[in-house]
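Per-entry structural report
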Amino acid sequence: MIAEMGTLGGPVLVRTRVAPSRVLFGPHPTNLARRREISDRHVAYYARRATGGCGVIVTETASVHPSDHPYERAPLAADCVAGWAAVRWACRPALVLAGLGHAGAQGSSAYHQQALWAPSRTADVATREMPMEMEQPEIDALVDGFAAAAALAVEADLDGVEIDAGQYSLLRQFLSGLTNHRADGYGRDRALLLREVLGAVRAELGEDRILGLRMSCDELAPWAGVTPSDAAATAATLDVDLLAVVRGSGTATHATRPDLHTEPGFNRDLCASVRAAVEGSEGRPDPARIPSTGRGTSAGEGGPSVVLQGSVVDPAFAQAALDDGVCDLVEMTRAQITDPDLVAHVRAGAPERIRPCTLSNRRTHVRDPRNPIVSDDAEPDAGHETEVPVAEPVPPRDVLVVGGGPAGLEAARELALAGHRVRLAEQSPVLGGALRLAAAVAGRSRMGVLIPWWERELARLGVTVETGVRVEPADLDAAARDGVAVLLATGSRSAPRPCPSAVPVLTAAELAGGAALPVGPVVVHDPVGDGTGVGVAEQLAALGRDTTLVTPDQVAGTQLSLTGDLAPANARLDRAGVRRALLSQLTRVVPPTAGSRPDPARGSTRSDARVDTDRRSGPYGVAVLEHAWTGEQREIPCAVVVDCGHRLPDDALWRARPHLVRAGDCVAPRTLHEAVLEGRRGAAAIAREV
């Protein structure tokens, strides 16, 4: 295995500098900044990935000019010198490049209270804000800003910079017919500004530092946007050393780092076509001018070193891309957020130990009004490296963990890593708890990749795992008498049915467990708005069921805005033929003969019976919906309700013995991240009891 994975984990020459591996950690918003500076939290975050073997680290994109302030904690290059220098010192031997950019019309005027800069007077499709069209003074200031930022990166002794012409960038807006409608030289030659910026930056970097470019090579808008052939032709003319091939634009903001509905490695073909175009171009320096180090292999002959980006999370996939000549380096950003030791495991010949990335975006997609800190579903220490407590060694002891969901599995793992003798008891026949049920929802199977990883880890660490075992209060008392510490991670249970119903009501968990549905139209009750209701509706529609998703929100799956999946999810619902009853509360389901009877509580009858007359055939019940704002009622046919509402803590054991440590959903059902975090905290609490 070491030989197979050697290239990915081995050194590579980029321009004149050697990266210790071919794995790159790409730029992304983190909300780790202090004001607009690269902070100590950034330093710890990047250093942890470097310690794990990452070869090239590109820091969070810093604005090169005060006219750009795209989100509250966005770094500003003029304020980043000290932080960049600290990152460089902490991350050796990894190469460190400063991410430099300007968001242009995709930025925000909320912070600097100035007009946004853009190539043309075209409002951004997301914010609808009208920008100012840049004149020559603004263009000159932008070029000077990139040059000045590059000089600051040299002052910080970084290995180079990466210029952002990707999804959220003013340079992409100049390259694109979607946003560049100019009649001057910058419109006739849309790559002119990019070449001017690269030339100015190269002059500041000198010959021995790396000039990288992150370039959107497919805007997914072929009617006017950058296409793969356009991008390949442009890239072949550019003087760069490192080229990261990405996709996306203002019309496809979900496309660059999409969630788990998009197949990992989606940019492979795009990257291969661009690499073929730039081979032999002027971007890569003459090998004769590169000093021999004897420490690594060159990224290739002629042209820039090309980076494959696009949800790459599997080392075997990355290695195959390298072997097939698709790329020279591989960006594995989210994979390294999940497991900072990814490269170290590859080098050790143990890729099975890599903590798998769910790609849910639940904690890595942080450009939202809450300003959350970047983190990960299964690695809650990510983004919080400066806060991780140092565990004091304690004598090993016997520990019983009750519950085999994410909290219990992670607690057992942590306790075993600390040297304790751990027994885990799970009452169901399989491990995984609610996570296994979540992975059974359409489009979300990747959520389940962590379960076999935990099983392997517990086996490796010698944890005794018992399934099909129900633990009673008497068992807890017996454990206490024997000196066994106990951690309760008993998970969650279904809540009571959401409303009175004359037809069967199943929970999403029961559906995932294989429960049969009666024939007829299905009402999916989704008061939460996360991926469960949308996924269940998609799943039922794919089976040919007449499906209506009922939500109190103005748009289905409203919480998916936090993961970048809101627009794609609603597009999938449209394609699947799922009806959406928006701004609606499910009040009751009555027998068909009671469909038009007055509601005694309201003294009203259904107000729009004609809307659903064509669906009233069959011996089905009638679901009565109430508009969330007006109280107006209407009816739809319903043979069964699938409830995707909140679950409740399964805390009976804890209530019987409330002095015991508990973690996860038995405290309050939440996300995978909180379950894993509390599993670790619970393990630490057990250790402190010694």
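The written sequence of each chain sets the order in which its residues are numbered from 1. For this predicted model, a pLDDT threshold of at least 70 governs which residues receive local features, and a threshold of 80 or more governs which side-chain atom pairs are given and counted, while totals over whole chains, interfaces and linings are taken from all residues. To get the side-chain values, take all heavy atoms of the structure and skip hydrogens and water.

1. Some thoughts on the overall build of the chain
What counts, and what does not: Starting at the N terminus, helices and strands are each numbered in turn, a helix being any DSSP run of H or I of at least four residues and a strand any DSSP run of E of at least two. Atoms considered for the radius of gyration are the C-alpha atoms alone. The globule rule reads 2.2 Å times the number of residues to the power 0.38. When a residue's accessible area, from a 1.4 Å probe over protein chains only, is under 20% of the maximum for its type it is buried; when over 50% it is exposed; and in between it is partly exposed. Here the accessible surface of atoms and residues is derived via Shrake-Rupley with a 1.4 Å probe, and residues count as covered only by protein chains that are part of the display.
From N to C terminus, the chain includes 21 helices and 29 strands. Its C-alpha atoms give the chain a radius of gyration of 28 Å, within 12% of the compact-globule value 26 Å for 690 residues. Along the first, second and third principal axes, the C-alpha atoms of the chain reach 80 × 70 × 45 Å. Expressed as a percentage of the 690 residues in the chain, the buried residues total 57%. Of the roughly 26600 Å² of accessible surface on the chain, a fraction of 52% belongs to carbon and sulfur atoms.

2. A closer look at the pairing of strand S11 (residues 242-246)
Let me state the cut-off plainly: Pairs of strands are assigned from DSSP output, requiring at least two bridges between the strands. A crossover counts as right-handed when, viewed with the strands pointing away from the observer, the path leading from the first strand over the helix to the second turns clockwise.
S11 sits mainly inside the fold: 5 of its 5 residues count as buried. Residues of S11 alternate between two faces, with Leu242, Ala244 and Val246 on one and Leu243 and Val245 on the opposite face, all of them buried. Looking at chain direction, strand S10 (residues 210-216) and S11 are connected through 5 bridges and run parallel. Looking across to S11, one finds that Gly212 is bridged to Leu242. For the crossover from S10 across helix H8 (residues 228-235) to S11, the handedness is right-handed.

3. A closer look at the nonpolar core
Applicable threshold: Each nonpolar core is a collection of buried residues, namely Ala, Val, Leu, Ile, Met, Phe, Trp, Tyr and Cys, held together in the definition by side-chain atoms within 4.5 Å. Residue contacts follow a heavy-atom distance rule, with two residues in contact if any of their heavy atoms lie within 4.5 Å.
Judged by nonpolar contacts, the single largest core of 123 residues is most densely connected at Trp84, Leu100 and Ile163. No other element matches helix H4 (residues 136-155), which puts 8 residues into this core. Look past the residues within four positions of Trp84 in its chain and what remains in contact with it is Ile38, Thr59, Ala62, Ala77, Ala98, Leu100, Ala149, Leu152, Ala153, Ala156 and Leu158. Within the second largest apolar cluster, 21 residues are counted, among which are Val536, Ala537, Ala541 and Leu549.

4. Things to note about the packing of aromatic side chains
Applicable threshold: Side-chain rings of Phe, Tyr and Trp (the six-membered ring for Trp) are treated as a pair once their centres are within 6.5 Å; stacked means planes under 30 degrees apart, edge-to-face means over 60, and tilted covers the remaining angles. Two limits define a charge over a ring: the Lys NZ or Arg CZ must be within 6 Å of the ring centre, and within 35 degrees of the ring normal.
Evaluation of the coordinates by the stated rule reveals 5 aromatic pairs. Taken together, a centroid distance of 6.3 Å and an interplanar angle of 75 degrees make the contact between Phe25 and Tyr46 edge-to-face. With Phe25 in strand S3 (residues 23-25) and Tyr46 in helix H2 (residues 40-51), the pair connects residues that are 21 residues apart, well separated along the chain. Accessibility assignment for this pair places Phe25 and Tyr46 in one class, buried. With a centroid separation of 5.6 Å and 55 degrees between ring planes, the pair formed by Tyr45 and Tyr46 is classed as tilted. Summarising the burial analysis for this pair, Tyr45 and Tyr46 share the class buried. Pairwise contacts between aromatic rings join Phe25, Tyr45 and Tyr46 into one cluster. One cation-aromatic arrangement involves Arg367 over Tyr168; the distance from NZ or CZ to the ring centre is 4.3 Å.

5. Things to note about the pattern of salt bridges
Here is the rule we go by: We count a salt bridge whenever a side-chain nitrogen from Lys or Arg sits within 4 Å of a carboxyl oxygen from Asp or Glu.
Applying the stated criterion across every chain, the model contains 46 salt bridges. The salt bridge involving Arg121 is made with Glu133; its shortest N-O contact spans 3.5 Å. Of this pair, Arg121 sits in the loop between strand S7 (117-118) and strand S8 (132-133) while Glu133 sits in strand S8; the two residues are 12 residues apart in sequence, bridging distant segments of the chain. Exposure remark for Glu133: the relative accessible area of 22% places this residue in the partly exposed category. One salt-bridge network, in which partners are shared between bridges, spans Arg353, Arg355, Glu379, Asp381, Glu410, Arg413, Glu414, Glu457, Arg460 and Arg680.

6. Description of the side chain of Arg209
Selection criterion: N or O atoms closer than or at 3.5 Å make up a polar contact, with two conditions inside protein: a donor-capable atom paired with an acceptor-capable one, and, for residues adjacent in sequence, both atoms drawn from side chains.
Following the sequence through the fold, Arg209 ends up in the loop between helix H7 (192-205) and S10. Among the polar contacts made by the side chain of Arg209, one reaches the side chain of Asp157 at a distance of 2.9 Å. Within the structure, Arg209 has its side chain in polar contact with the backbone oxygen of Leu158 (distance 2.8 Å). Once residues within four sequence positions are removed from consideration, Arg209 is found in contact with Arg15, Arg17, Val154, Asp157, Leu158, Asp159, Gly160, Arg202 and Asp241.

7. Structural notes on the sheet that holds strand S16 (residues 421-426)
Neighbouring strands of a sheet are bound in pairs by backbone hydrogen bonds; such pairs are parallel or else antiparallel. The 5 strands lie next to each other as S17-S16-S15-S18-S29, forming an open sheet whose pairing is parallel. Strand pairing shows two members of the sheet lacking a second neighbour, strand S17 (464-467) and strand S29 (661-662), which therefore form its edges. Across 5 bridges, strand S15 (residues 398-402) lies against S16 in parallel orientation. Residue pairing across strands places Leu400 opposite Arg423, the latter belonging to S16.

8. What about helix H3 (residues 81-91)?
Put simply, the test is: Of all possible arcs, the one meant is that of the directions from the helix axis to the C-beta atoms.
When H3 is considered as a whole, its buried residues turn out to be Val81, Gly83, Trp84, Val87 and Cys91. Buried positions in H3, seen along its axis, are confined to an arc of 165 degrees and lie on one side of it. Along H3, the residues that are exposed and aim more than 90 degrees away from the buried face are Ala82 and Trp89.

9. Points about unusual backbone geometry
In the segment running from Arg92 into Pro93, the intervening peptide bond is cis, with an omega of 10 degrees. Positionally, Pro93 belongs in the loop between H3 and strand S6 (95-101). Positive phi, close to 55 degrees, is recorded for Arg35, a residue that is not glycine. With respect to the secondary-structure elements, Arg35 resides in the loop between S3 and H2. One non-glycine residue, Ser311, lies in positive phi territory at about 55 degrees.

10. Let's talk about the packing of helix H18 (residues 531-542) against helix H19 (residues 566-576)
The following threshold applies: The angle between two axes is taken between their N-to-C directions and runs from 0 to 180 degrees, where each axis is a line fitted to C-alpha atoms and a helix contributes only its stretch in contact. Just so you know how the angles are binned, under 35 degrees is roughly parallel, over 145 roughly antiparallel, 65 to 115 roughly perpendicular, and the rest oblique. Crossing handedness is read from the near helix: turned anticlockwise from the far helix by less than a right angle, it gives a left-handed crossing, and turned clockwise, a right-handed one.
Taken N-terminus to C-terminus, the directions of H18 and H19 make an angle of 20 degrees; their axes are 9 Å apart at the nearest point. Viewed along their axes, H18 and H19 adopt a mutual orientation that is roughly parallel. The interaxial crossing formed by H18 with H19 has left-handed handedness. On H19, the residues touching Val534, Ala537, Glu538 and Ala541 of H18 are Ala569, Arg572, Leu573 and Ala576.

11. Some thoughts on the sheet that holds strand S26 (residues 633-638)
Ordered in space as S24-S25-S26, the 3 strands form an open sheet in which the pairing is antiparallel. Where the open sheet ends on each side, the last strands, each with one partner, are strand S24 (584-590) and S26. Averaged over all pairs of adjacent strands, the angle between strand axes in this sheet comes to 30 degrees, irrespective of strand direction. Here S24 runs beside strand S25 (residues 621-627); their pairing, made up of 6 bridges, is antiparallel. When the sheet's bridge partners are listed, Arg588 is paired in S25 with Val624.

12. Brief notes about the packing of H2 against H3
To keep it simple, the criterion reads: Note on residue categories: nonpolar means Ala, Val, Leu, Ile, Met, Phe, Trp, Tyr, Cys or Pro, charged means Asp, Glu, Lys or Arg, and polar means any other residue, Gly included.
Contact geometry of H2 with H3 gives a least axis separation of 9 Å together with a crossing angle of 25 degrees. Looking at the two axes, H2 sits roughly parallel to H3. The handedness of the crossing between H2 and H3 comes out as right-handed. Contacts from Val43, Tyr46, Ala47 and Ala50 in H2 reach Gly83, Ala86, Val87, Ala90 and Cys91 in H3. A breakdown of the residues in the contact of H2 with H3 according to their chemical character gives 8 nonpolar, 1 polar and no charged.

13. Regarding the confidence of the model for the chain
Where we set the bar: Per-residue confidence from the predictor is reported as pLDDT, a score between 0 and 100.
Per-residue pLDDT for the chain has a mean of 92; in total, 92% of the residues score no lower than 70. Segment residues 1-6 is flagged for pLDDT under 50; beyond a separation of four residues in sequence, or across chains, it makes 12 contacts in the model. The low-confidence segment residues 595-617, where pLDDT is below 50, has 40 contacts with residues more than four positions distant or belonging to other chains.

14. Details of the environment of Arg182
Tracing the backbone through its elements, the reader meets Arg182 in the loop between helix H5 (170-175) and helix H6 (185-188). Once the C-alpha coordinates of Arg182 and Met134 are considered, the two residues, 48 residues apart in sequence, prove to be 10.0 Å apart. A distance of 2.9 Å separates a polar atom in the side chain of Arg182 from the backbone oxygen of Pro119. Engagement of the side chain of Arg182 in a polar contact is seen with the side chain of Asp184, the distance being 2.9 Å.

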